[in-house]
Amino acid sequence: MKYCSYCASKLTIKIPADDSRERHVCEACGSIHYQNPRNVVGSIPVYEKQVLLCRRAIEPRHGYWTLPAGFMELGESTSHGAARETLEEAGAQVEMGPLYSLLNVPHAEQVHLFYLAKMNSPQFCAGEESLEVALFHEHEIPWTELAFPTVKQTLEWFFADRAAGLLETGKEFQVRSRDVLPSERI
């Protein structure tokens, strides 16, 4: 049972006037309570030729490796959120670069955004949500131990684009994007 955050009355599900989807609506005060996807923001922290990954200390996917990322907070931009998550989870200070990938995960009600990020030093440490943090060359990536399909896809794109010279300074590239299907769960 859901209740209105404005007047505490019970919410009903119906299609409001001037809308085409069912929504949670408060019959008492008329407020519409939208439920929208959550943004997961993160980075691809790079030091020289290595990428920084975190081994998760929390569920889901406890013990698996991921790029530093998490839910965007109110009042921050996506890039600021990605930098914050990188600092919180990996203890790494980064220079944020451009948006690199945008992956829609409709079955999880999420959108994942990853930014290119440069580490100016190899200083990092595990935050509360990480068991450990480490730098990996491409051939060292624990591909079978990655936590999420969005991380795997982003890393595959990143290494392919880097090998093709598409990520060199001054070159323009298109943001990588696609939908992740429920069947792609790792």
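Below: a short report on this structure. (Residues numbered from 1 in each chain as written. Predicted model: local features only at pLDDT ≥ 70, side-chain atom pairs only at ≥ 80, totals over all residues. Heavy atoms only, no water.)

**Things to note about helix α1 (residues 78–90)**
Logical step 1: A rise of 1.5 Å per residue sets the reference length of α1, with its 13 residues, at 18 Å; its end C-alpha atoms lie 18 Å apart and thus fit the reference within 8%.
Logical step 2: Residues of α1 that are buried: Gly81, Ala82, Arg84, Glu85, Thr86, Glu89 and Ala90.
Logical step 3: For α1, the secondary structure elements touched by its buried residues are β4 (38–47), β5 (50–56), β7 (69–71), β8 (94–105), β9 (110–119) and β10 (130–136). (Helix = DSSP H or I, 4+ residues; strand = E, 2+ residues; numbered from the N terminus. Expected span 1.5 Å × (residues − 1). Buried < 20%, exposed > 50% of the residue type's maximum accessible area, 1.4 Å probe, protein only. Contact = heavy atoms within 4.5 Å.)

**Overview of the pairing of β5**
Logical step 1: Burial of β5 is extensive: six of the seven residues sit out of reach of the surface.
Logical step 2: In this sheet, β5 lies alongside β4 in antiparallel orientation, the contact comprising two bridges. Its bridge partner lying in β5, Tyr47 is registered against Gln50.
Logical step 3: With antiparallel pairing between neighbouring strands as the criterion, β4 and β5 make up a hairpin whose turn holds two residues, including Glu48 at a positive phi of roughly 55 degrees.
Logical step 4: In the sheet, β5 pairs with strand β6 (residues 65–66) via two bridges, with the strands oriented antiparallel. What sits directly across from Cys54, in β6, is Thr66. (Pairing = 2+ DSSP bridges.)

**Here we look at the pattern of salt bridges**
Two side chains carrying opposite charge are able to pair once their charged atoms lie near each other.
Logical step 1: All told, the structure shown has eleven salt bridges when counted by the stated rule.
Logical step 2: Across the pair Glu85 and Arg84 runs a salt bridge, and its minimum N-O distance is 2.9 Å.
Logical step 3: Salt-bridge contacts for Lys152 lead to Glu156; the nearest nitrogen and oxygen are separated by 3.6 Å. In this pair, Lys152 and Glu156 are both assigned in helix α2 (residues 149–163), four residues apart and thus about one turn of the helix distant.
Logical step 4: Relative accessible area serves as the criterion here: at 36%, Glu156 is assigned to the partly exposed category.
Logical step 5: A cluster of three or more residues bridged by salt bridges with shared partners is formed by Glu76, Arg84, Glu85 and Glu88. (Salt bridge = Lys/Arg side-chain N within 4 Å of Asp/Glu carboxyl O.)

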